[in-house]
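Single-letter residue listing:
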Amino acid sequence: MTKLFQTRTSVHDPASSLAQRQAARGQSYQLMLGLVITGQLMSFGALYLLPAAATSAWIAVLLQAVPFLAMRLLGRWLAATAPEDAADTPRYRVAAGGMALLFFSNMNVSLLSLVELTHVFFFPGAARWLLALPAALALGLGIPSSPDAVPNTARLLRWFLAAAFLFCAVTVVPTGETGFLYPIWGYGPRHTLRCALRAAGSVWAAGALAVVMPREPDRHPLKDTIPGLTCIGLVALFFLCCAFVLPGSELSARWGYAPRLQLLMEMSPNTLSWSLMLMAEMLLFLATFSVCADMLRRSLCLAFRARRLPLLPFTLACVPLALRGMGESERLLLAVLPWRLPLAAGLMGLCLVGNLRRKGKTS
């Protein structure tokens, strides 16, 4: 009688429950990487794209959808060929170490941007180490080791960040001028394409999960691209609003890094809008720093077969660049950051070649 009235639904089925948890976790990771791409595009856009491309900076950002989708396709191919013991193979461990280095570069850019904003808009007279060192200590000690803590935080922040950026854009659009958008291609299509190619290093993380979590299922390939593409579109909208509000000569002027991050709100008479934008940008860089630190820890645990690693040494290692400031670090960053995409693609290609060779031997 007991067996007769027993039901086996998807809610109680262990396999279905595991699949649901994996799908939710995969969506959280894609959202995390979307935030990372947003922060890196914002920082590199203020560093290089806005002064170099002027009125076509938004087009250069929008073109980042091409390398983003290319990395996603490469990552899907890599995940489809990954063997059961992929995480234990030497090539994946080497690639994970390389991904950790790339995530460390993102952490440096995020902390530097956070310190720049704090120093310029809140404590202009304070020593930089009083801002950078406490932030690195707090983040290094405060980021939890739970695998779900950072994804849950990213999920909570997404709506606030999107609403803040859109609200700030809406309050400024009425003060714009259509004529400021011309010339559409800025200094020309070739120049805009060169700028877009140089900015492609900001979207390198699109395929990182295929190396860091080689057996993570990719059940919804089209759906999983939505967070990243949405973030790219949101940043492009931000730079489009900048072009709509200011002429090209003002966009390419040497305002300084932190004012360029706040350029849209610099033209707004709405104090609430300006403050909301500043808060959103600071939360964005805090979130991207935390996400990259968490992914760095996962990468190093895979590379060294460790169960857990402390983050404090790595967060403190980001302080020297923040102390230098963007002014002194600009040439270094412009020389290094664009190479992140080919390096990430090369690491993924290394794993892919090994998977295909192994598959060919066993078939």
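The coordinates are above.
Predicted model only: the values in this text are computed from it and were never measured. (Residues numbered from 1 in each chain as written. Predicted model: local features only at pLDDT ≥ 70, side-chain atom pairs only at ≥ 80, totals over all residues. Heavy atoms only, no water.)

Visitor: Describe in detail the packing of helix α4 (residues 90-121) against helix α16 (residues 340-362), supporting the description with residues and values.
Guide: Put simply, α4 and α16 touch, their axes get as near as 10 Å, and they point 165 degrees apart. In terms of axis orientation, α4 runs roughly antiparallel to α16. Along this stretch, α4 crosses α16, giving a crossing that reads as left-handed. Across the interface between the two elements, Arg-91, Tyr-92, Val-94, Ala-95, Gly-98, Met-99, Leu-102, Ser-105 and Asn-106 of α4 pack against Arg-340, Leu-343, Ala-344, Leu-347, Met-348, Leu-350, Cys-351, Gly-354, Asn-355 and Arg-358 of α16. In the contact of α4 with α16, the residues fall into 11 nonpolar, five polar and three charged. (Axes fitted to C-alpha atoms, helices over the stretch in contact; angles between N-to-C directions. Helix = DSSP H or I, 4+ residues; strand = E, 2+ residues; numbered from the N terminus. Parallel < 35°, antiparallel > 145°, perpendicular 65-115°, else oblique. Left-handed = near helix turned anticlockwise from the far one by under 90°. Contact = heavy atoms within 4.5 Å. Nonpolar A, V, L, I, M, F, W, Y, C, P; charged D, E, K, R; others polar.)

Visitor: Tell me about the packing of helix α3 (residues 65-81) against helix α9 (residues 226-245), and please be specific about residues and values.
Guide: Running from amino to carboxyl end, α3 crosses α9 at an angle of 165 degrees, the nearest separation of the two axes being 10 Å. On the basis of their axis angle, the class for α3 and α9 is roughly antiparallel. Like other packed secondary-structure pairs, α3 and α9 cross with a definite hand, here right-handed. In contact with Ala-65, Phe-68 and Leu-69 of α3, α9 contributes Gly-228, Leu-229 and Ile-232. Tallied by class, the residues present in the contact of α3 with α9 amount to five nonpolar, one polar and no charged.

Visitor: Residue-level account of the packing of aromatic side chains, with values.
Guide: The final tally for this structure, using the stated rule, is four aromatic pairs. Residues Phe-103 and Trp-204 carry aromatic rings whose centres are separated by 4.8 Å and whose planes lie at 65 degrees to one another, so their mutual orientation is edge-to-face. Of this pair, Phe-103 sits in helix α4 while Trp-204 sits in the loop between α7 (189-199) and α8 (209-212); the two residues are 101 residues apart in sequence, bridging distant segments of the chain. In this structure Phe-103 comes out as buried when scored by relative accessible area, which is 0%. Geometrically, the ring pair formed by Phe-238 and Phe-239 is edge-to-face, given 5.4 Å between the ring centres and 90 degrees between the ring planes. Residue placement shows Arg-198 over the ring face of Tyr-48; its charged tip is 4.8 Å from the ring centre. (Phe/Tyr/Trp six-rings, centres within 6.5 Å; stacked < 30°, edge-to-face > 60°. Buried < 20%, exposed > 50% of the residue type's maximum accessible area, 1.4 Å probe, protein only. Lys NZ or Arg CZ within 6 Å of the ring centre and 35° of its normal.)

Visitor: How would you summarise the pattern of salt bridges if you had to cite specific residues and measurements?
Guide: Under the definition given, this model contains six salt bridges. Of the charged contacts, one joins Arg-297 and Asp-294 as a salt bridge, the two residues approaching to 3.3 Å between their closest N and O atoms. Of the two residues, Arg-297 and Asp-294 both sit in helix α13 (residues 271-304), three residues apart, roughly one turn of that helix. Looking at Arg-297, the relative accessible area reads 10%, which means it is buried. Overall, Asp-294 belongs to the buried group, its relative accessible area being 2%. Between Asp-294 and Arg-298 there is a salt bridge whose closest N-O contact spans 3.0 Å. Remark: Arg-298 and Asp-294 occur in helix α13; sequence separation between them is four residues, near one turn of the helix. (Salt bridge = Lys/Arg side-chain N within 4 Å of Asp/Glu carboxyl O.)

Visitor: Please provide a residue-by-residue account of the side chain of Arg-128, values included.
Guide: Summarising the element assignment, Arg-128 is placed in the loop between α4 and α5 (129-142). In this structure the side chain of Arg-128 is engaged in a polar contact, spanning 2.9 Å, whose partner is the side chain of Glu-116. Beyond its immediate chain neighbours, meaning those up to four positions away, Arg-128 contacts Leu-112, Val-115, Glu-116, His-119, Ala-322, Leu-323 and Gly-325. (Polar contact = N/O pair within 3.5 Å; in protein donor to acceptor, adjacent residues only side chain to side chain.)

Visitor: Pulling in residues and values, what's your account of unusual backbone geometry?
Guide: A cis amide bond links Tyr-182 with the next residue in sequence, Pro-183, at an omega value of 0 degrees. In this fold, Pro-183 is placed in the loop between α6 (149-172) and α7. The backbone phi angle of Ala-54 is positive, close to 55 degrees, even though this residue is not glycine. In this structure, Ala-54 sits in the loop between α1 (14-53) and α2 (57-62). At Arg-305, a position not held by glycine, the phi torsion is positive, near 55 degrees. Inspection of the secondary structure puts Arg-305 in the loop between α13 and α14 (312-316).

Visitor: Could you give an account of the layout of surface pockets, with specific residues and numbers?
Guide: If you add up the space inside the largest pocket, you get close to 540 Å³. What lines the largest pocket is a set of 22 residues, among which Leu-31, Arg-158, Trp-159, Pro-227 and Thr-230 lie closest to the centre. Split by residue class, the lining of the largest pocket holds 13 nonpolar, five polar and four charged. Approximately 360 Å³ is the volume found for the second largest pocket. The wall of the second largest pocket is formed by 18 residues, among which Arg-297, Arg-298, Cys-301, Leu-302 and Arg-307 lie closest to the centre. (1 Å grid on protein atoms, 1.4 Å probe; cavity = no way out; pocket = protein on both sides within 12 Å on 5 of 7 lines; lining within 4 Å. Points joined across faces, edges and corners; volume = space filled by probe spheres on them.)

Fair warning: the whole summary comes from geometry, so function is off the table for now.
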